[in-house]
Structure formats: C-alpha cells, structure tokens
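Residue-level listing of the chains:
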Amino acid sequence: LRFSGPPGPQPSEESGTEAHFKVTDALEDGVWSAAVVSSEGDSLVLSIRSPPDARIGHYSLTLETSNGTEENTCSVGECYLIFNPWCPEDSVYLEKEDERMEYIQCQYGIIFQGTKDSMDPVPWNFGQFEDGILEICCLLLDSSSKYKNDPVKDCSRRNNPVYIGRVVSAMVNCNDDGGVLYGRWDNCYDDGINPNSWIGSVDVLRRWKKYGCQPVRYGQCWVFAAVACSVLRCLGIPCRVITNYYSAHDTNSNLVVEQYLDYQGNKQKGQKDMIWNYHCWVEAWMTRPDLGETYNGWQVVDPTPQEKSAGVYCCGPAPVFAVKEGDLALKFSMSHLCLLK
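Here is what the cut-offs are and how they apply
- Residues numbered from 1 in each chain as written.
- Predicted model: local features only at pLDDT ≥ 70, side-chain atom pairs only at ≥ 80, totals over all residues.
- Heavy atoms only, no water.
- Helix = DSSP H or I, 4+ residues; strand = E, 2+ residues; numbered from the N terminus.
- Buried < 20%, exposed > 50% of the residue type's maximum accessible area, 1.4 Å probe, protein only.
- Areas by Shrake-Rupley, 256 points an atom, 1.4 Å probe, with all protein chains shown as cover.
- 1 Å grid on protein atoms, 1.4 Å probe; cavity = no way out; pocket = protein on both sides within 12 Å on 5 of 7 lines; lining within 4 Å.
- Points joined across faces, edges and corners; volume = space filled by probe spheres on them.
- Nonpolar A, V, L, I, M, F, W, Y, C, P; charged D, E, K, R; others polar.
- Salt bridge = Lys/Arg side-chain N within 4 Å of Asp/Glu carboxyl O.

Caption draft 1: Representation of the overall build of the protein. Within the protein one finds eight helices and 16 strands. Buried residues in the protein amount to 46% of all 341 residues. As displayed, the protein offers around 17300 Å² of accessible surface, 48% of which is attributable to carbon and sulfur atoms.

Right under this line is the structure:
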C-alpha cells in the first residue's frame, strides 16, 4: 500500500508525507501497517494503522500488486488523517472521556460576552463535524504563508500541534495573508456582517471558501476565538473558548499596565498598554516537548490580531502554567498575552 499526502509538491517518506507498507496478518504499533480483516470472493477488507506522529491532512491510498512477473497499481480511495486525543501516544492525548466529549466532540457551546457584572451567554454552533468543514480546515492550512513559502517543510511539520496552533492562530485573522476573518471595531459594518450577528463558525468558514478564500467581514475577538476553536477541534486538537473580563494588554512583558501622563495630566499618545473590558481567546490541549513536561497541557492561542510574533499576527501556543507563574521568557508570544488584571 502507498499512503500519500498531505498535498504538496513532492510527498516523500523522508518528510513523513508518504508511506509504503505491506499487507500482513497483524497490525503493528508505532508504524504504518495494514492487515486483512476479512475476505470474501473479490472483496477484501483491510485495517490500516497510522503511527501517532503521522502528519495530518488529506491522503490518497494506492494499492500496488505483483504476481512476480507483472505489477499493477490502482487507486483505492482518499481519506483525511487528524490528531487522535484517544491515543495515549498522541501529542494531544486527553485522558478523561468527559473532557474529550466536551473539548473535541461537542459541536455546541456558550461564549460569554457582556461585562463582569452583567455576563451575557451567547449560544454558538462550532460545527466541526458539518459537511465540508474538514476540507475547509485543510484548505486553511494550505493557504497559509508557511505552506506557500515552503510547502515541503510545512507539510513535514504537520504532526506537531504546536506548529498547527501557530498556523491556525495566524490564518483565522487576515492581517498577513488570505486569512478567514477581517477584524473591525468601529461599528461600521455596512459592507459586511456585524460581528454580533454571527451564531456559529460554519457560515464563516463556508463563506471564506465560497468567495475564493477572501476575508469574511467582520469579526471581533469572540468570533476569532470561536472559529479557531472549530478549526482546532476539527483537526483533532482539544480546544475551549475562554472569556476574561478586565483583560490586561501588557506589551512590554513587565506584568504591569502602565499609563504615562504629561504635566497637565493628559495621557500621552502612542501607548499600547491598556485594560480591555473583556477579551476572548482559546486554549488548546497538547504536550510541549520543546519546553518540557512542566508545560504540557492547556496552551493559550489567540487568533485576534494584536501584536506580531516572529513577524506575523499570531499568538501562542503559550502554556497556561507559564502565564500563571509569570514566566514570560518562553515561546511563543508570552509577552503579548492578555493577562488577568
């Protein structure tokens, strides 16, 4: 069997985007393998197992046969491979079944708006299992600047949820590329849709694809967060939307929100530190082998364009544990998070 993908200029075994393996009597752990489940007449049922570090995305499956003198090749079909939070060896493994149900399988939820004294629960359809959404999520990965600049390298890194989290964070907003949502906060929405009118992610994502991957107008923080949550859940990464009231936007990493006044007591212009009335982002569950086991678990990912990270408007994944400990020297984008007041 030949398993090829995700889509790229040259799938290869070296980059982890292609696999060749024989059909045997039993499946093997940790590698690509296939075994016969049953056979009857001209029908053959196979079971295929992928390694836990396989690259996610769209794959084609080809059957290669030989009788010793003649070789034949035929296409068997196509499939999508995503992360597996049920697999203990997977980097997004989530142990508790009720948490997997909530953060992966649940398609409906509540996003909180309003103020701390008057919280407004807004029902939201994440719709990660709706028709066409998986294809759109893979299109989102293939539309990123990382894929366009170096598709071979990009596809080879799609087994890493940290990397996928950064791509999704950047692609949900349109500040750097053909991202999904155009952000606007001036109440001028006549040439688009008021952010308060959205009730789910499905319509946003389908509009983005329908109109040639042009940014959908308009979004604000809760819409950015909800769409990112849908994409990450669809790709198999446990995710949840976070609402925080009185969010401190600390831009110089000193854990203080500073305001500078002139001699007349007026605020000086050009200051970026501020307290927002509220803000929404997402947290995604994954291991952090790049940082150590201490930082495994929930990671902050903020797709609302605020500050640049490595030259791109994205934020995270940043360990929640590190945020609470004030450890801002870690990657990624620790200095740009909206922290608790």
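Caption draft 2: Main features of the layout of surface pockets. Taken as a whole, the second largest pocket encloses approximately 320 Å³ of empty space. Residues belonging to the lining of the second largest pocket are distributed by class as follows: 11 nonpolar, three polar and four charged.

Caption draft 3: Structural view of the pattern of salt bridges. Scanning the model with the defined rule gives 12 salt bridges in all. Ionic pairing is found between Glu283 and Arg240, a salt bridge with its closest N-O pair at 2.8 Å. Of this pair, Glu283 sits in strand β13 (residues 274-286) while Arg240 is found in strand β12 (residues 239-249), placing the two residues 43 residues apart along the sequence. Under the relative-accessibility criterion, Glu283 is labelled buried at 8%. What makes Arg240 partly exposed here is its relative accessible area of 22%. In this structure, the salt-bridge partner of Arg288 is Asp290, at a minimum N-O distance of 2.8 Å. Classification of Arg288 as buried rests on a relative accessible area of 0%. Take Asp290: its relative accessible area is 33%, and that puts it in the partly exposed class. In this structure, a network of salt bridges that share partners links the residues Arg184, Asp186, Asp191 and Arg217.

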